[in-house]
Amino acid sequence: MIDDITIIWILLPFVVGFSIYLLPRWNRYFALAIAALSVVYSIGLLWSLEPFTLELLDSFGVTLMFDELSGYFILMNGLVTGAVLLYCFDKQKSPFFYTQLVILHGAVNATFCCADLISLYVALECIGIAAFLLITYSRSDRSLWVGLRYLFISNTAMLFYLIGAVLVYQASNSFAFSGLAVAPKEAIALIFLGLLTKGGIFVSGLWLPSPMGNQKLPYPRFYQGLWLKLAFFPWPAALY
Amino acid sequence: MCLPTGKPLRKVCRCRKSLLGDCHQGHPPLGRREFSHVDVYARSLCVCSNLHWVFRHHFQKKSDYENPGHGCDEYRGDRVLHSRGGPWGIFAPIVDADQGAIAYADPVPQAVILTAIVIGFSIQALMLVGVMKLSRDNPTLETSEIEKSHTP
């Protein structure tokens, strides 16, 4: 039962995100419903459930892990998305904006519940694409240039991450976070390098202030604390 | 003259006259092959049933098709290589079980690299669109100039 609800909850933002294009009149309400759904789901997760793991597609497939930590992060994601939506409610945004917002919301949710390096990679890249489209929403030359830099640097950084992930696989025959315990130092260094750059933390994050600081959109500002730092979300899970 | 093309469902004529629209054998001209409604419905039904199959099997949870006698044994990768696909026929067998242990390329990293390539391509396409839009005002695409005028 809870498995089915969880899968539906993960898939729904993407389905709704694309169907906003089919029913553009209801875009804001759809997006609000998705944010509300995440809030309700996370409260349910925090309220009643013990941590559980979901394995899809056999042992080399996607593993999802739900515990208290991811519950709090999902709650935060739902609240932040809801706040952005309420802020933009009467600002005449196009359906495209709401589509990207909902897809970004879904990708962030996926980041919070994945338990292996490759699912994390896919989710982070999905976030990168949606974030680029939101940064360049105004289509001014400045926002385009800033968005290009963001996409280029984060994509390059994620290649280092990918090399590290493959080294982890070589050492432990699995992409699960637990494989980091037996991984060589180079793998951990490469994964750290990728996530530090993507997350914009200290030295490797010096490129970052410009994409974030100068947007007319509220969304990057609201989210700069979230979709940047969530690159670091897996570390507590990996260390335990 | 008309050239037969293998065994098509419908005869399509490739003669010069046919291109002009009046083949002496009465074949439909090339490039104007007409499909009946039944044809179109049958084909879309095929596509739908394929999609249905993909969805059904890709969203099966592990417990649903893990059963004994599934051909999975000692070492990793065997499930992918040896299995006859469980009850559903999901995995194509790469090595026959009676061949024993032989060297093989692990398919998991290959799948991962393929994923990364697809994502990389999509991101490059997105960046290309951005560059094309930037090039309207900066036709030389000189980054130092763009930096000067567009860095906040």
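Residues numbered from 1 in each chain as written. Chains lettered and ligands numbered in written order. Predicted model: local features only at pLDDT ≥ 70, side-chain atom pairs only at ≥ 80, totals over all residues. Heavy atoms only, no water.

Participant: Break down the environment of Gly164 of chain A for me, citing the residues and quoting the values.
Facilitator: Residue and element names in this part refer to chain A. Take Gly164: it is sitting in helix H6 (residues 141-172). Distance in space between the C-alpha atoms of Gly164 and Gly194 is 8.7 Å, their sequence separation being 30 residues. In contact with Gly164, not counting residues within four places along its chain, are Ala187, Leu190 and Ile191. (Helix = DSSP H or I, 4+ residues; strand = E, 2+ residues; numbered from the N terminus. Contact = heavy atoms within 4.5 Å.)

Participant: Explain the packing of aromatic side chains to me, and be specific about the residues and the numbers.
Facilitator: When we look at a pair of aromatic rings, we describe it by the centre distance and by the angle of the planes. Residues and elements named next belong to chain A. Counted by the stated rule, this structure contains 10 aromatic pairs over all chains. Judged by centre distance (6.3 Å) and plane angle (10 degrees), the rings of Tyr121 and Tyr161 are stacked. In this pair, Tyr121 is assigned in helix H5 (residues 117-135) and Tyr161 in helix H6, connecting sequence segments 40 residues apart. In this structure an aromatic cluster arises from ring pairing among Trp9, Tyr41 and Phe66. Over the face of the ring belonging to Phe89 we find Arg28, whose NZ or CZ atom lies 4.8 Å from the ring centre. (Phe/Tyr/Trp six-rings, centres within 6.5 Å; stacked < 30°, edge-to-face > 60°. Lys NZ or Arg CZ within 6 Å of the ring centre and 35° of its normal.)

Participant: Outline the confidence of the model for chain B, supporting the account with residue identities and numerical values.
Facilitator: Residue and element names in this part refer to chain B. Looking at chain B as a whole, the pLDDT averages 62, with 36% of positions reaching at least 70. Across chain B, the element-wise mean pLDDT spans from 42 in helix H3 (residues 62-65) up to 90 in helix H5 (residues 107-134). Within the model, pLDDT remains below 50 along residues 1-13, and this stretch shows 24 contacts once partners closer than five positions in the same chain are excluded. The low-confidence segment residues 60-86 (pLDDT under 50) makes 58 contacts with residues lying over four places distant or belonging to another chain. Here the predicted complex scores 0.70 on pTM and 0.78 on ipTM. (pLDDT = per-residue confidence, 0-100.)

Participant: Break down the nonpolar core for me, citing the residues and quoting the values.
Facilitator: Within the largest apolar cluster, 67 residues are counted, with the highest numbers of intra-cluster contacts made by Leu64, Phe66 and Tyr161 of chain A. Not counting residues up to four positions away in its chain, the partners in contact with Phe66 of chain A are Thr6, Trp9, Ile10, Tyr41, Leu45, Pro51, Phe52 and Cys113 of chain A. (Core = buried A, V, L, I, M, F, W, Y, C linked by side-chain atoms within 4.5 Å. Buried < 20%, exposed > 50% of the residue type's maximum accessible area, 1.4 Å probe, protein only.)

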